[in-house]
Amino acid sequence: MSEVSNQLPADPISAVGVIASLSKAPDGYYVVAQTTDGSDADLWKDGLFKSKVTRYLCFTRKTGADVVVDVKLIDIKDALPEGFTPVEVTLDTKETATRKSRLCVKSSPCAAAVTAVYDIQMIAKSKYHLVNYACIGEINSMGVWYRMGDVSQHQSSQETSSTAHGDAPANTASKRTTSRPDDEHQSSGNYTMTALDDVPFAIPEKFYENPKEMQQVNLMGITIKSLAEIEEEFQYNFTTERSIAV
């Protein structure tokens with residue numbers, strides 16, 4: 001007998017479909033190929049004659065914008081419930097998905113969903129029950145059961161997981177702008193704090209003074225002069241040299 005875990009799956013179901021061949025399930029889809037007691041979960045098989053036509057329920061928990069919040073099984077002649085979408089064709093061959101009954105799915109944006117469908121199982125005997133599951137009806141003498149879960153708890157667990165993996169705070173980049181210029185080439189993933197991090201580097205105010213005043217500053221005995229002062233002090237007219245040449 002197949003075991004059904006009492007633990008809620010990590011992710012809610014995001015899409016439900018039907019396939020014609022077990023070997024042609026789309027990537028990321030789980031196929032309900034057997035009932036909980038190990039019997040064939042073919043949705044199409046004929047009880048009197050062995051048919052070559054097969055149909056199997058499948059679903060995916062791929063993270064997306066929407067999640068499945070409800071599933072219904074109605075008679076083919078019944079009106080479609082409001083807000084539901086029928087599973088009319090198979091995902092792999094685009095043939096009719098089911099006969100006599102129609103599987104209908106209701107989806108909602110994940111951010112707006114309070115609860116969602118987390119698992120779907122098939123039961124061969126209608127007298128059997130699954131703990132924490134609800135039956136939506138029977139198809140081909142098999143009961144279709146699904147399990148609901150709280151979406152907010154799922155989102156909280158994802159946020160907790162992200163925090164546990166050490167996601168960097170939003171203001172990390174702004175703090176690193178005060179590092180030394182020669183450290184700016186380091187990538188954010190390999191950044192290493194140094195003793196000079198967060199130390200402001202600024203030009204002293206005395207160097208913002210008027211340039212004329214700076215001329216009077218004596219640095220180690222060296223007097224800073226302007227270009228005009230240098231030319232006046234070292235001016236030479238070459239008079240002697242010119243007289244000899246003449």
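Given the structure is predicted, the values throughout are model-derived calculations rather than measurements.

Engineer: Can you help me understand the overall build of the chain in this one?
Structural biologist: Summing up its helical and strand segments, the chain has five helices and eleven strands in all. The buried share among the 246 residues of the chain stands at 28%. Considering only residue pairs separated by 6 or more positions, the chain has 69% of its internal contacts joining residues 24 or more positions apart. About 17,000 Å² of surface is accessible on the chain, with carbon and sulfur atoms providing 54% of the total.

Engineer: What's the story with the sheet that holds strand 6 (residues 101-109) in this structure? I'm lost.
Structural biologist: Strand pairing in a sheet takes place through backbone hydrogen bonds and is either antiparallel or parallel in direction. In spatial order, the strands read 4-6-5; together these three strands make up an open sheet with antiparallel pairing. Edge positions in the open sheet fall to strand 4 (66-75) and strand 5 (85-86), since each of these has one partner strand only.

Engineer: It is not clear to me how the confidence of the model for the chain should be interpreted in this structure. Could you clarify?
Structural biologist: Detailed reading of predicted coordinates is not advised where the pLDDT is low. Confidence in the prediction of the chain, expressed as mean pLDDT, is 78, and 66% of residues score 70 or more. The low-confidence segment residues 168-189, where pLDDT is below 50, has 13 contacts with residues more than four positions distant or belonging to other chains.

Engineer: Can you walk me through the packing of aromatic side chains in this structure?
Structural biologist: Each pair of aromatic rings is reported with the distance of its centres and the angle of its planes. Applying the stated criterion across every chain, the model contains one aromatic pair. Judged by centre distance (5.3 Å) and plane angle (50°), the ring pair of Tyr30 and Phe59 falls under tilted. Here the residue Tyr30 occupies a position in strand 2 (residues 29-32), and Phe59 occupies one in strand 3 (residues 56-60), the gap between them amounting to 29 residues. Judged by relative accessible area, Phe59 falls into the buried class, the value being 1%.

Engineer: Please clarify how the side chain of Thr98 should be interpreted in this entry.
Structural biologist: With respect to the helices and strands, the residue Thr98 is situated in the loop between strand 5 and strand 6. A polar side-chain atom of Thr98 sits 2.5 Å from the main-chain carbonyl oxygen of Ser101. Beyond its immediate chain neighbours, meaning those up to four positions away, Thr98 contacts Leu43, Trp44, Leu103 and Ile139.

Engineer: Mind showing me how you'd approach the sheet that holds strand 9 (residues 142-150) here?
Structural biologist: Judged by pairing direction, the sheet is antiparallel, and its three strands sit side by side in the order 7-9-8 without closing on themselves. The sheet terminates laterally at strand 7 (115-123) and strand 8 (134-139), the two strands that pair on one side only. Across the sheet, the mean angle separating the axes of adjacent strands is 25° when strand polarity is ignored. Of the strand pairs in this sheet, strand 7 and strand 9 are connected by eight bridges, and their pairing is antiparallel. Looking at the pairing, Met122 lines up with Val144 of strand 9.

Engineer: Which parts of the structure should I look at to understand the pairing of strand 4?
Structural biologist: Note on strand geometry: in a regular strand, side chains alternate between the two faces of the sheet. In terms of burial, strand 4 is largely enclosed, as seven of its ten residues are buried. As defined by bridge partners, strand 4 adjoins strand 6 across nine bridges and the pair is classed as antiparallel. Looking across to strand 6, one finds that Val71 is bridged to Val105.

Calculation rules
- Residues numbered from 1 in each chain as written.
- Predicted model: local features only at pLDDT ≥ 70, side-chain atom pairs only at ≥ 80, totals over all residues.
- Heavy atoms only, no water.
- Helix = DSSP H or I, 4+ residues; strand = E, 2+ residues; numbered from the N terminus.
- Buried < 20%, exposed > 50% of the residue type's maximum accessible area, 1.4 Å probe, protein only.
- Contact = heavy atoms within 4.5 Å.
- Areas by Shrake-Rupley, 256 points an atom, 1.4 Å probe, with all protein chains shown as cover.
- Pairing = 2+ DSSP bridges.
- pLDDT = per-residue confidence, 0-100.
- Phe/Tyr/Trp six-rings, centres within 6.5 Å; stacked < 30°, edge-to-face > 60°.
- Polar contact = N/O pair within 3.5 Å; in protein donor to acceptor, adjacent residues only side chain to side chain.
- Axes fitted to C-alpha atoms, helices over the stretch in contact; angles between N-to-C directions.

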